[in-house]
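Structure assessment
Here's the letter readout for the chains.
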Amino acid sequence: MSQDTQENGNKKNNLSEANRAIWLVKVPKYLGKLWDKSPSEMEVATIRIQKPAISSEPFKVSLSLTPELMELEPDSPIASEHELKLCKTAEGTNLTGIFSTLDNEEQSIEGWITHKMQCLPVYNTQYLKMKEHYLRSAKPPRRVKPLNHIVKNDKPVSSHAHNKDDCKRKDGPKMLSKDNIMDLLFQAFEKHQYYTLKDLQFITKQSVFVLKAILKDIGDYNKDPAHKKMWELKEEYRHY
């Protein structure tokens, strides 16, 4: 067994690339799909690293797609120029290792992720054309649909019937003065001699407690079988 290989139980771990640094780059969906279509032997992009003028500033990393890759999608405008921006990571974060297996036997370490970066297209005319193309393709075109029947359009109304009923329930009966209630009662007794309390409540739209208090002053409650549980005016208020 070589120095770069260690045994772990029944499996072997290949540590020959343990010191290799790996960049983990998040690319846009359109770029990932384009790379999936490309053959394995094709050169897909070129990375350029520009040293900054000030040492404290980070390196500028750019990614340019090759013409061979762009020809895979001739009808779709794709941004060819991209920049890789370094993602901020918390201090003291542990490194993440990349492992691979061969025939489920030997496990190899491919390296450690030292930088996490994001691939963003450069804002230029090529990017704007690509953006416009994707927006137009995503939005369905407007179509005219012929109708074989007459469409009935209801005229708008300011307030529906059920809304009016709800308002009446919420508002409830308005409280009248004693004189107004007595006028309504006298007008009712001019038409009929006897009334039930329920009928008088329907006529005056007042509560039972208010009506009983007034009827005790101006009316008599009958207990005889002919007009049982009905009210009539007292003799001093009758003129029929």
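Residues numbered from 1 in each chain as written. Predicted model: local features only at pLDDT ≥ 70, side-chain atom pairs only at ≥ 80, totals over all residues. Heavy atoms only, no water.

A few words on the nonpolar core. Grouped together as the largest cluster of nonpolar side chains are 15 residues, with contacts concentrated most on Leu185, Leu200 and Ile214. Elements supplying a minimum of two residues to this core: helix H5 (178-191), helix H6 (197-204), helix H7 (208-218) and strand E10 (231-233). When residues no more than four places from it in sequence are discounted, the contact partners of Leu200 are Leu185, Phe189, Tyr195, Leu211, Leu215 and Trp231. With 14 residues, the next largest nonpolar core counts Tyr30, Leu63, Leu69 and Leu84 among its residues. (Core = buried A, V, L, I, M, F, W, Y, C linked by side-chain atoms within 4.5 Å. Buried < 20%, exposed > 50% of the residue type's maximum accessible area, 1.4 Å probe, protein only. Helix = DSSP H or I, 4+ residues; strand = E, 2+ residues; numbered from the N terminus. Contact = heavy atoms within 4.5 Å.)

What follows concerns the pattern of salt bridges. Overall, the coordinates contain 4 salt bridges when judged by the stated rule. The shortest N-O distance in the salt bridge between Lys37 and Glu73 comes to 2.3 Å. With Lys37 in helix H1 (residues 29-37) and Glu73 in the loop between helix H2 (67-70) and strand E6 (81-86), this residue pair connects regions lying 36 residues apart in the sequence. For Lys37, a relative accessible area of 53% puts it in the exposed group. (Salt bridge = Lys/Arg side-chain N within 4 Å of Asp/Glu carboxyl O.)

The relative placement of two packed helices comes down to the angle between their axes together with the axis-to-axis distance. Here H5 crosses H7 at 65°, and the two axes come no closer than 11 Å. Taken together, the axis directions place H5 and H7 in an arrangement best described as roughly perpendicular. Remark: the crossing between H5 and H7 carries right-handed chirality. Across from Lys178, Ile181, Met182, Leu185 and Phe186 in H5, the residues of H7 making contact are Val210, Leu211, Ile214, Leu215, Asp217 and Ile218. Along the lines of polarity and charge, the residues of the contact of H5 with H7 split into 9 nonpolar, no polar and 2 charged. (Axes fitted to C-alpha atoms, helices over the stretch in contact; angles between N-to-C directions. Parallel < 35°, antiparallel > 145°, perpendicular 65-115°, else oblique. Left-handed = near helix turned anticlockwise from the far one by under 90°. Nonpolar A, V, L, I, M, F, W, Y, C, P; charged D, E, K, R; others polar.)

This next bit is on the packing of aromatic side chains. One pass over the full model with this rule turns up 5 aromatic pairs. Considering the side-chain rings of Phe189 and Tyr195, the 5.3 Å spacing of their centres and the 90° angle between planes classify their relative orientation as edge-to-face. The class of Phe189 is buried, set by a relative accessible area of 2%. Geometrically, the ring pair formed by Tyr221 and Trp231 is tilted, given 5.2 Å between the ring centres and 55° between the ring planes. Separated by 10 residues along the polypeptide, Tyr221 in strand E9 (residues 219-221) and Trp231 in strand E10 bring together distant segments of the chain. On the basis of relative accessible area, Tyr221 is assigned to the partly exposed category, the value being 40%. For Trp231, a relative accessible area of 9% corresponds to the buried category. Directly above the aromatic system of Phe202 lies the positively charged group of Lys205, at a separation of 4.0 Å from the ring centroid. (Phe/Tyr/Trp six-rings, centres within 6.5 Å; stacked < 30°, edge-to-face > 60°. Lys NZ or Arg CZ within 6 Å of the ring centre and 35° of its normal.)

Scope: geometric values only; no functional claims are made or implied.
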